[in-house]
Each structure stands twice: as structure tokens, then as C-alpha cells.
Amino acid sequence: MEWVPEKETPRYVPPEVRRKVKQRGLLKFIVAVAEMGIGVALYSLLGTLALPRTLSGLENSPDGVRTTGTVMRGELRKDISFNGVHPYEIEYRFVDK
């Protein structure tokens, strides 16, 4: 049978020490929540700025020309891999005036 130490009696913690420990814990929690809020705000701001602009605004551009395109070649690139997936290289040919 293995030896099990006797249970220690609870020690007395003065009320001012208990209050300081609670205040520090609350302060750490408030700082952590504030840092998370700032992080989420920066992430969303930088995320919206980093997203590429859509091409929908170019459809009505005064300098735009409507054209048709043909896929000339599609090739699976086996020498490149992104997370185990090989990309395709596609070559287009556009006809415009």
C-alpha cells in the first residue's frame, strides 16, 4: 500500500491579501479582454484593406471594352503544391478591337 500524506489544514489568508489577489485577477481579465478587442478590431480592419477589390466596378467603366476570351491551354502543375493540392495553369486568349 502506498503512502498518502495527511491533508493539510487550510491556512488563514488575511482579508487584505485576498482582496489584492482578486483585484489583480480582475485587472488581468480586463486587460486580456481589452487586448482581444483591439486584436479583433485590427484583424478586421487589416483584413478588409487586404482583400482584393472585385471586378464588378470595372463592368461599367467608361474605358472598358467588352470582349470574349478562349481558353487556349490548361496544364496541371505537378512541380508546385499548396497543402497537397496542385494548381492549374490556364492560358487565355482575348480578342478585342
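Right above here is the structure, for reference.
Rules of the game
- Residues numbered from 1 in each chain as written.
- Predicted model: local features only at pLDDT ≥ 70, side-chain atom pairs only at ≥ 80, totals over all residues.
- Heavy atoms only, no water.
- Patch = residues over 30% accessible without salt bridge, like charges linked within 9 Å, V, L, I, M, F, W, Y side chains within 5 Å.
- Areas by Shrake-Rupley, 256 points an atom, 1.4 Å probe, with all protein chains shown as cover.
- Salt bridge = Lys/Arg side-chain N within 4 Å of Asp/Glu carboxyl O.
- Helix = DSSP H or I, 4+ residues; strand = E, 2+ residues; numbered from the N terminus.
- Buried < 20%, exposed > 50% of the residue type's maximum accessible area, 1.4 Å probe, protein only.
- Lys, Arg positive; Asp, Glu negative; His and termini not counted.
- Charge placed at Lys NZ, Arg CZ, Asp CG, Glu CD.
- Contact = heavy atoms within 4.5 Å.

**Re a nonpolar patch on the surface**
Together, Val-71, Leu-76, Tyr-88, Ile-90, Tyr-92 and Phe-94 give the surface a local cluster of nonpolar side chains, amounting to about 650 Å² of exposed area. Counting only elements with at least two residues in the nonpolar patch, the list comes to β1 (68-76) and β2 (88-95). Of note, Leu-76 is situated in strand β1. Using a relative accessible area of 33% as the deciding quantity, one classes Leu-76 as partly exposed.

**Brief notes about a positive patch on the surface**
Together, Arg-19, Lys-20, Arg-24 and Lys-28 make up a region of like positive charge exposed at the surface. One can find Arg-19 in helix α1 (residues 15-50).

**Details of unusual backbone geometry**
The backbone phi angle of Asn-83 is positive, close to 55 degrees, even though this residue is not glycine. Within the secondary structure layout, Asn-83 lies in the loop between β1 and β2. Taking the relative accessible area as the measure of exposure, Asn-83 reaches 84% and is therefore exposed.

**Focus: the environment of Ile-80**
With respect to the helices and strands, Ile-80 occurs in the loop between β1 and β2. Under the relative-accessibility criterion, Ile-80 is labelled partly exposed at 30%. Other than its neighbours up to four places away in sequence, Ile-80 contacts Val-85, His-86 and Pro-87.

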